[in-house]
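# Examining the three-dimensional arrangement
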Amino acid sequence: MRYWLMKTEPSVFSFSDLCEKPGSTDHWEGVRNYQARNYMRDEMKKGDLVLFYHSNCKTPGVVGIAEISGEAHPDFFSWDRRSRYYDPRSLPENPRWVMVDVTWKLAFRKTITLKDLRGHPKLRYMKVLQKGQRLSVMPVTREEFEIVAALGRNKTGGEIHGSS
């Protein structure tokens, strides 16, 4: 099993939006960075756990835990001329972009902020805390995941629902 951090802008797609989808599951579409795409395509597997991160908002940080419920498949939005994720160089017979399916697992009552993350000495090398790190999809270590999840559980008292 691998662990990930996935960033989204809550004004575009929030953790609450994911929870409200049928089966609390949706596509993670629109990734248009090759390194992030390669993580999704080559390394993400069904059952991997995700720290769900809200960015570009009043209080950026980890808001909950999700699970990869479907491995990489073509991002069909790249073929839709009406989509903001349209890419004329991506074709159904040669897709350039992929998406994974993500399922909501646990919401934290309070955001685990950048300040919270920076304040924990064992998280100092976490990619999201590194200067210039702008990827929307990035790996985290098991230890980093467990520390952040524990911070979240301390603020919720909850357990991860239905994890495999």
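The sections below set out a description of the structure shown in this document. What you see is a predicted model; the values in this text were computed from it and never measured. (Residues numbered from 1 in each chain as written. Predicted model: local features only at pLDDT ≥ 70, side-chain atom pairs only at ≥ 80, totals over all residues. Heavy atoms only, no water.)

What follows is about the side chain of E67. Relative to the helices and strands, E67 resides in strand β4 (residues 61–74). Given the relative accessible area of 6%, E67 is considered buried. Side chain to side chain, E67 and K105 meet in a polar contact 3.3 Å long. (Helix = DSSP H or I, 4+ residues; strand = E, 2+ residues; numbered from the N terminus. Buried < 20%, exposed > 50% of the residue type's maximum accessible area, 1.4 Å probe, protein only. Polar contact = N/O pair within 3.5 Å; in protein donor to acceptor, adjacent residues only side chain to side chain.)

Here the focus is the sheet that holds strand β2 (residues 25–28). Taken in spatial order, the 6 strands of this open sheet run β2-β5-β4-β3-β1-β6, and their pairing is mixed. Looking at the sheet topology across the chains shown, the edges are occupied by β2 and β6 (137–140). Within this sheet the neighbouring strands show an average axis-to-axis angle of 40°, counted without direction. As defined by bridge partners, strand β3 (residues 49–54) adjoins β4 across 6 bridges and the pair is classed as antiparallel. The partner of F52 across the bridge, within β4, is G64. (Pairing = 2+ DSSP bridges. Axes fitted to C-alpha atoms, helices over the stretch in contact; angles between N-to-C directions.)

With that settled, consider the nonpolar core. Counting residues in hydrophobic clusters, the biggest one holds 42 residues, and the most contacted among them are L5, M6, W28, L51, M126 and V137. At the level of secondary structure, the elements contributing two or more residues to this core comprise β1 (3–8), α1 (15–20), α2 (34–43), β3, β4, β5 (98–113), β6 and α4 (142–156). With 6 residues, β5 is the largest single contributor of residues to this core. Not counting residues up to four positions away in its chain, the partners in contact with L51 are W4, L5, M6, V62, G64, I65, M126, V140, F145 and V148. (Core = buried A, V, L, I, M, F, W, Y, C linked by side-chain atoms within 4.5 Å. Contact = heavy atoms within 4.5 Å.)

Moving on to α2. Along α2, the residues classified as buried are A36, R37, Y39 and M40. Buried residues along α2 cover an arc of 155° about the axis, so they all sit on one side. Contacts from the buried residues of α2 go to β1, β2, β4, β5 and β6. The backbone nitrogen of Q35 has a side-chain oxygen 2.9 Å away, supplied by the residue at the start of α2, namely N33. (Arc of directions from axis to C-beta.)

This paragraph deals with the side chain of S24. As for its position among the elements, S24 is in the loop between α1 and β2. Looking at S24, the relative accessible area reads 16%, which means it is buried. Polar side-chain contacts of S24 include one of 2.9 Å to the backbone oxygen of C19. In this structure S24 touches L18, C19, V102, T103 and W104, once residues within four positions along its chain are discounted.

As a further point, take the layout of surface pockets. Considering only enclosed or pocket space, the largest pocket measures out at about 770 Å³ in volume. Along the wall of the largest pocket there are 28 residues; nearest its centre are K7, T8, E9, S55 and S136. Only β1, β2 and α3 (114–118) provide two or more residues apiece to the lining of the largest pocket. Sorting elements by how many residues they give to the lining of the largest pocket places β2 first, with 3 residues. Each residue belonging to the lining of the largest pocket can be placed in one class, and the counts come to 11 nonpolar, 9 polar and 8 charged. (1 Å grid on protein atoms, 1.4 Å probe; cavity = no way out; pocket = protein on both sides within 12 Å on 5 of 7 lines; lining within 4 Å. Points joined across faces, edges and corners; volume = space filled by probe spheres on them. Nonpolar A, V, L, I, M, F, W, Y, C, P; charged D, E, K, R; others polar.)

Under the criterion given, the structure shown has 9 salt bridges. Notably, a salt bridge pairs E43 with R2, separated by 2.5 Å at the nearest N-O pair. One end of the pair, E43, is in helix α2; the other, R2, is in the segment before β1, and 41 residues separate them in sequence. For the salt bridge of D26 with K21, the shortest nitrogen-to-oxygen distance reads 3.8 Å. The exposure class assigned to D26 is buried, which follows from its relative accessible area of 18%. Judged by its relative accessible area of 34%, K21 falls in the partly exposed class. (Salt bridge = Lys/Arg side-chain N within 4 Å of Asp/Glu carboxyl O.)

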